[in-house]
Amino acid sequence: MKDTAQKTVWITGASSGIGFSLTQCYLKAGWQVLASARRQGDLALLLEHEDNLKFIPFDVTDDRKIESVRNLLATHMDHLNCAVLNAGTCEYLDINEENPDWKMMDRVMSVNFFGLVNSLDVCLPLLKKAPQSHLVGVSSQAVQAAFPQAEAYGASKAATQYFLSSLRMDLKPFNIDVTCLLPGFVDTPLTQKNTFSMPFLMSADEAAKRMYKALQSRPYEFAFPKRLSMMLWIGRHFPKLWLSMLAPKPNNTKTFKK
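Cut-offs used in this document
Residues numbered from 1 in each chain as written. Predicted model: local features only at pLDDT ≥ 70, side-chain atom pairs only at ≥ 80, totals over all residues. Heavy atoms only, no water. Helix = DSSP H or I, 4+ residues; strand = E, 2+ residues; numbered from the N terminus. Expected span 1.5 Å × (residues − 1). Buried < 20%, exposed > 50% of the residue type's maximum accessible area, 1.4 Å probe, protein only. Arc of directions from axis to C-beta. Contact = heavy atoms within 4.5 Å. Pairing = 2+ DSSP bridges. Axes fitted to C-alpha atoms, helices over the stretch in contact; angles between N-to-C directions. Phe/Tyr/Trp six-rings, centres within 6.5 Å; stacked < 30°, edge-to-face > 60°. Lys NZ or Arg CZ within 6 Å of the ring centre and 35° of its normal. Parallel < 35°, antiparallel > 145°, perpendicular 65-115°, else oblique. Lys, Arg positive; Asp, Glu negative; His and termini not counted. Salt bridge = Lys/Arg side-chain N within 4 Å of Asp/Glu carboxyl O. Polar contact = N/O pair within 3.5 Å; in protein donor to acceptor, adjacent residues only side chain to side chain.

Chemist: Could you give an account of helix H7 (residues 204-215), with specific residues and numbers?
Modeler: Counted at 1.5 Å a residue, the expected span for H7 with its 12 residues is 16 Å, and the 16 Å between its end C-alpha atoms agrees. All of the buried residues along H7 are Ala 204, Ala 207, Ala 208, Met 211, Tyr 212, Ala 214 and Leu 215. Projection of H7 onto a plane perpendicular to its axis shows the buried side chains occupying an angular sector of 165°, all on one side. Within H7, the exposed residues directed more than 90 degrees away from the buried face are Lys 209 and Lys 213. Looking at the buried positions of H7, the neighbouring elements they touch are helix H1 (17-28), strand S5 (134-138), strand S6 (177-183), strand S7 (186-187), strand S8 (202-203) and strand S9 (221-224).

Chemist: Any chance you could break down the sheet that holds strand S2 (residues 32-37) for me, citing the residues and the numbers?
Modeler: One open sheet holds the seven strands; their spatial order is S3-S2-S1-S4-S5-S6-S9, and the pairing between them is parallel. The two strands at the open ends of the sheet, each matched to only one other strand, are strand S3 (53-57) and S9. Taking each pair of neighbouring strands and ignoring which way they run, the sheet shows an average axis angle of 15°. One ladder, built from five bridges, connects S2 with S3; its direction is parallel. Looking at S3, one finds that Ala 35 is bridged to Phe 55. Across the sheet, helix H3 (residues 66-76) touches strand S1 (8-12), S2 and S3, and the angle it forms with S3 is around 165°. On the sheet, helix H6 (residues 151-171) packs against S5, S6 and S9 and is oriented at approximately 160° with respect to S6.

Chemist: A description of the packing of aromatic side chains should follow, citing residues and the corresponding values.
Modeler: Counted under the stated rule, the structure contains eight aromatic pairs. Aromatic side chains Phe 222 and Phe 224 sit 5.1 Å apart centroid to centroid with 20° between the ring planes, which places their arrangement in the stacked category. There is no split in this pair, since Phe 222 and Phe 224 are both buried. Positioned above the aromatic ring of Phe 174, the side-chain terminus of Lys 128 is 4.3 Å from the ring centre.

Chemist: Which residues make up the packing of helix H8 (residues 226-237) against helix H9 (residues 239-246), and what are the values?
Modeler: Packing of H8 against H9 leaves a shortest axis separation of 5 Å and a crossing angle of 115°. As the angle between them shows, H8 and H9 are arranged roughly perpendicular. For the pair H8 and H9, contact is made by Met 231, Leu 232, Ile 234, Gly 235, Arg 236 and His 237 and by Pro 239, Leu 241 and Trp 242, respectively.

Chemist: Give me the side chain of Arg 168: which residues, what numbers.
Modeler: Its place among the elements puts Arg 168 in helix H6. Buried charge without a salt bridge: Arg 168, with Glu 221 as the nearest opposite-charge side chain at an N-O distance of 5.4 Å. In terms of polar contacts, Arg 168 uses its side chain to reach the backbone carbonyl oxygen of Val 178, at 3.0 Å. Setting aside anything within four residues of it in sequence, one finds Arg 168 in contact with Val 178, Thr 179, Cys 180 and Tyr 220.

Chemist: Run through the pattern of salt bridges, naming residues and quoting values.
Modeler: Per the counting criterion, the structure on display carries seven salt bridges. The closest approach of N and O atoms between Glu 91 and Arg 107, which form a salt bridge, is 2.6 Å. Taken together, the residues span a long stretch of sequence, with Glu 91 in the loop between strand S4 (82-85) and helix H4 (103-112) and Arg 107 in helix H4 at a distance of 16 residues. Residue Asp 101 is joined to Arg 107 by a salt bridge in which the shortest nitrogen-to-oxygen separation is 2.6 Å. Judged by its relative accessible area of 34%, Asp 101 is partly exposed. One continuous salt-bridge network, built from bridges that share partners, spans Glu 91, Asp 101 and Arg 107.

Put into structure tokens, the structure is as follows:
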């Protein structure tokens, strides 16, 4: 389905996974897409065949690049109808280590939360220039219930969810709608490193299609798949049961990996 009037969207984390699949969804719908990531990745071939696609390199953790990226976006379009802030990463904390890698909290938060803040700094002036624009941030269903070793990832995505909820109020006077997406397990280069079972795993293309369809109605939040949401409902409302199901059994011999 092609839009009668071409709209503009900026997508971060667009070089692979969900971001790349979302880029394809918007292109198929006739949008003009500005795609950002540190490197072109999977976008390279697409850029050769899509006139409506431009690549804007951006490391979301580098706040020194905010002004230059904003200016570069402005050379391609004078407004944004939508921004999808999708860049993300994941690391797991191993508390069994003698000296756990606490610095991972900084690394994960710098991409998932502060990277989103930096991206907002880039695109907000252009969103304000559109009559009824749409800001989209990607959190995770991990915020619905605690998971082992997910301290860094879950905390960063919970911060993202709250930030967007508060931002929704402050941006209302500017006629900017705010949506927080909470996907479940999606088959991406990040999740392919996981060694645990991922219930209701779906492809990046399927996740992107669900996201794009949901965003047409501009919901406050969209969590999917629903089957995972129902499972995580147990974790929120029966935390003791959830703990007994997921937590490792107590080890009375306190030994550490070296």
